[in-house]
Protein chains: 2
Amino acid sequence: MSAQPQDLIVPRINPDRLWDSLMTLARIGATPKGGVCRLALTELDRQGRDLVVGWLREAGCEIRIDAIGNVFGIRPGRLGNGLTGHGPDAQPVAEPTRRPVAVGSHVDTQPTGGRFDGNYGVLAGVEVLRALNDAGIVTERPLCVAIWTNEEGTRYTPVMMGSGVYAGAFTLAHCLDQVDREGVTVGKALAAVGYAGKDSAPRFSAYFEPHIEQGPVLEAEQITIGAVEGALGQRWFDATVTGQDAHAGPTPLAMRRDALLAAARMVQAVREIAESSPDYARGTVGQLFVHPNSRNVIPGRVEFTVDLRNASASTLDSMVRRLHEAAAQVERQDGVSIVLREVVHFPPCAFDPTLVGGIERHARALGHPVRRIASGAGHDAVYVARTCPTAMIFVPCENGISHNEIENVKPADLAAGADVLLQAMLETAGR
Amino acid sequence: MSAQPQDLIVPRINPDRLWDSLMTLARIGATPKGGVCRLALTELDRQGRDLVVGWLREAGCEIRIDAIGNVFGIRPGRLGNGLTGHGPDAQPVAEPTRRPVAVGSHVDTQPTGGRFDGNYGVLAGVEVLRALNDAGIVTERPLCVAIWTNEEGTRYTPVMMGSGVYAGAFTLAHCLDQVDREGVTVGKALAAVGYAGKDSAPRFSAYFEPHIEQGPVLEAEQITIGAVEGALGQRWFDATVTGQDAHAGPTPLAMRRDALLAAARMVQAVREIAESSPDYARGTVGQLFVHPNSRNVIPGRVEFTVDLRNASASTLDSMVRRLHEAAAQVERQDGVSIVLREVVHFPPCAFDPTLVGGIERHARALGHPVRRIASGAGHDAVYVARTCPTAMIFVPCENGISHNEIENVKPADLAAGADVLLQAMLETAGR
């Protein structure tokens, strides 16, 4: 590759165009309270996808749709489009170095979701292509913008369905057979909205996912760019405490087997385990049910959930060991039995150090405050990371609030994240 | 009063007759699981009342029914029947020493209630009269068996309605206007079952109430008779903890305002306050609701109840002070707000020391293991105690279980309690 005139240009994204695209997409499924309700594979999701696919075509992309409805807009590079030929039978090229540098996220939302979760990642990708078009830059490797099917998991489980199938975490057949509350399968819903594709999915040489933080850290520290080192592993438990119902009046304290008292000790233990663990530890009891839940009856049974998260698999395992130890101690102390049943075990995901370092470097070069951060929640990037070097770019969101109609982000922060994305993709794809 | 031949007899109740009466009454509203469902002022309640009223008439009682449906079966003594004349206009005699020595309880049950709660106190009274008839004993003061309306408070609130009206805790008009879920007033229900009486209620010189313990103490200590010193005072609170909802993944521990963590600390504080307080202290959180109650959302709001009980009013007040102090400390620790709203304030009730001492003495004389005990729950006796010297006699119940279809009591213990009652009434009424 020889130096060319375009090397002299440092392209920048157009903040107003990015904002306008976000607001245009947000009109589809807009809620009265300023949010968006655009559930996966509904008519509104179709309209949202069609809008973005139109923009991708206008930006010069060829569109591929796979069998789970993932959309890939591919902008060819000087080394081709990352595929052997065209059409449904085209396969990813053998050499990873000729494959697309991709960006993606999702355009489905929560039932009372916001305008930015997911949508930002996709439209930041669209804006990168537009900015490169404006600057007349063709990259060496192809570029790709991906829209993953059903990230939110509200209408259909599992969550992160499209990226999960892409990465081999779930089989296609299993996902196509999932039904919503009305009994409509994913397969039928895909056909109904016109996104039951037949194309093979491209493989990537690298994947970026810009996203709002959905947490309070960047805003609190007045930092614009989070260079995401990885996603926390998650181990979730259903806990059942069994004691003995009894009248609150006649039963002396020493004769009680109070399931709620025991559960209360466990809620504190979960917090203490997280507080004393390194590596971005989190511990949460979010759900708790009391039986019989009557004000003058000592509770005989309590069910609650435990959500432990950590960036290190070994620290996460040690948190789980301490959870079991705490349960054994509370069993002895309160004369109850505690059963812990693991319901989710999602290992920690470390993103690619080179890509993470690049994001940090580009942010600094552009003058944006940056810090390393972990993603506490799951994202499509966590699955895609199983297939290629991956990283995420976080931008702050107002009060850390997401999955809510009042979700809000500063336009300048959205632009900063997209500019960092542009530099990172350009460097990775070569110019 | 001169010594008569009947002084030589130490009368005893007939255990089989007492048991048979309990089982006969238990057939009215019997449930498939061995319990009883006989809600206040229903057709089944009427059948139960009619049965007992028939037994009282057979035992030589004149029946009076007051305007809230309380039934009084009066067995005249040598000093008369405690009333000035007969009929609706008869009034209690002026001299307390000529008034009846009474025994009573209730025959309404919980929806899935047992065969003994309430019913035992009334039928032990019936058996005392029968035993005295068998022995040919006429007491100096009259005797009375009382059936109080709607003790359970399941169909109509307030609980302990009949004894509460009798003692002036509630007005008659207020109680007659209460409605059940179908909108039927107490006044209409009383008329429908034929228990809207017009008689003035007799006043007592003393009142006894035998009852199953509804707790585990006597059984655990293998004691047959509880000489009840009084009933615990109760102060009940509704508590609301307000923190901040947030995602369990992205929100670092230091930035959380976890309402459930704070509530868990309060559950433990309630227990610790009770554990470190004298005078039969109890502290219970029986009901707790979490919002939004989702496994990966830090709870933003928790509502729970607090039930504090104590035999001493000043100790109970000190427990409440410590509850407020604990709330203030948890507010600071967890960055939440905690509102405590008092919903019930029922002062402790001390029973008459002479009557309590007599119960203890008679139990010993009859060879029954006895201990002093406090009633943790409310009973009609707590209201009646506002009008005359009062005491209760507890007998053990299986596993301390009550308000349950599996409620069970040993026939020998029921007989022991009725025998102690007989001696106590005989001594108090004079022979």
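Note that this is a predicted model, so its numbers are computed, not measured. (Residues numbered from 1 in each chain as written. Chains lettered and ligands numbered in written order. Predicted model: local features only at pLDDT ≥ 70, side-chain atom pairs only at ≥ 80, totals over all residues.)

Bringing the overall build of chain A into the picture now. What chain A contains, in helices and strands, is 12 helices and 18 strands. Rg of the C-alpha trace for chain A: 24 Å, near the compact-globule value of 22 Å for 431 residues, within the 12% margin. C-alpha atoms of chain A, sized along the principal axes, occupy 85 × 45 × 45 Å. Burial analysis of chain A (431 residues in total) assigns 58% to the buried set. Of all intrachain contacts in chain A linking residues separated by at least 6 positions in sequence, the fraction that spans at least 24 positions is 77%. (Helix = DSSP H or I, 4+ residues; strand = E, 2+ residues; numbered from the N terminus. Rg over C-alpha atoms; globule rule 2.2 N^0.38 Å. Buried ≥ 20, exposed ≤ 12 C-beta atoms within 10 Å, placed from the backbone. Contact = placed C-beta atoms within 7 Å.)

Turning our attention to the relation of the copies chain B and chain A. One chain copy maps onto the other through a rotation about an axis and a shift parallel to that axis. Superposing chain B onto chain A requires a rotation of 180° together with a translation of 0.1 Å along the rotation axis, leaving an RMSD of 0.1 Å. Here the transformation between the copies is reduced to the relation of a two-fold axis. Taking C-alpha positions as reference, the residue of chain B nearest the rotation axis is B:Ala264, located at 2.2 Å. In this assembly, 100% of the residues forming the interface of chain B have copies in chain A that are likewise at the interface, indicating an isologous arrangement. (Least-squares fit on C-alpha atoms with pLDDT ≥ 70 in both.)

For the rest of this paragraph, the subject is the domain arrangement of chain A. All names here are of chain A. We note that the domain assignment places domain 1 (5-231 + 348-429) and domain 2 (233-346) within chain A. Centre-to-centre separation of domain 1 and domain 2, based on C-alpha positions: 38 Å. Taken together, the contact pairs 5 residues of domain 1 with 10 residues of domain 2. Grouping the constituent residues of the side of domain 1 that touches domain 2 by class yields 2 nonpolar, 3 polar and no charged. (Domains from an automatic or database assignment. Nonpolar A, V, L, I, M, F, W, Y, C, P; charged D, E, K, R; others polar.)

The description of two helices packed together rests on the angle between their axes and the distance between the axes. Residue and element names in this part refer to chain B. Put simply, helix H3 (residues 119-135) and helix H12 (residues 411-429) touch, their axes get as near as 9 Å, and they point 60° apart. In terms of their interaxial angle, H3 and H12 are classed as oblique. As H3 runs across H12, the sense of the crossing is right-handed. Where H3 approaches H12, its residues Tyr120, Ala124, Glu127, Val128 and Ala131 are matched on the opposing element by Leu414, Gly417, Ala418, Leu421, Leu422 and Met425. Of the residues assigned to the contact of H3 with H12, the class counts are 9 nonpolar, 1 polar and 1 charged. (Axes fitted to C-alpha atoms, helices over the stretch in contact; angles between N-to-C directions. Parallel < 35°, antiparallel > 145°, perpendicular 65-115°, else oblique. Left-handed = near helix turned anticlockwise from the far one by under 90°.)

Another aspect to go through is the interface of chain B and chain A. Contacts between chain B and chain A engage 47 residues on the former and 47 residues on the latter. Those elements that provide at least two residues to the side of chain B that touches chain A are helix H7 (217-220), strand S10 (246-247), helix H8 (259-275), strand S11 (282-284), strand S12 (288-291), strand S13 (297-298) and strand S14 (301-310) of chain B. For the side of chain B that touches chain A, the leading source of residues is H8(B), giving 9 residues. Along the lines of polarity and charge, the residues of the side of chain B that touches chain A split into 23 nonpolar, 16 polar and 8 charged.

What follows deals with helix H8 (residues 259-275) of chain A. For H8(A), with 17 residues, the first-to-last C-alpha span of 24 Å sits near the 24 Å given by 1.5 Å per residue. Burial runs high along H8(A): 14 of the 17 residues are buried. (Expected span 1.5 Å × (residues − 1).)

Our next topic: the packing of helix H1 (residues 15-26) of chain A against helix H3 (residues 119-135) of chain A. Residue and element names in this part refer to chain A. For the pair H1 and H3, the least separation of the axes is 10 Å and the interaxial angle reads 135°. Our classification of the angle between H1 and H3 gives oblique. Judged by the twist between their axes, the crossing of H1 over H3 is right-handed. Residue-level contacts link Arg17, Leu18, Ser21, Leu22 and Leu25 of H1 to Asn119, Tyr120, Leu123, Ala124, Val126, Glu127 and Arg130 of H3. Its residues placed into classes, the contact of H1 with H3 shows 7 nonpolar, 2 polar and 3 charged.

Right, let's talk about the environment of B:Phe351 for a bit. Residue and element names in this part refer to chain B. Secondary-structure assignment places Phe351 in the loop between strand S16 (349-350) and helix H10 (353-365). Each C-alpha atom of the pair Phe351 and Ala131 lies 26 Å from the other, and the pair is 220 residues apart in sequence. In this structure Phe351 touches Val228, Glu229, Gly230, Val356, Ala385, Thr390, Ala391 and Met392, once residues within four positions along its chain are discounted.

Our focus in this paragraph is H12(B). In this model H12(B) runs 27 Å from its N-terminal to its C-terminal C-alpha over 19 residues, within 8% of the 27 Å that 1.5 Å per residue would give. Counting buried positions along H12(B) gives 16 out of 19 residues, so the element sits mostly inside the fold.

Our next topic: the confidence of the model for chain A. With 98% of its residues at a pLDDT of at least 70, chain A reaches an overall mean of 95. This prediction of the complex comes with two scores: 0.86 for pTM and 0.86 for ipTM. (pLDDT = per-residue confidence, 0-100.)

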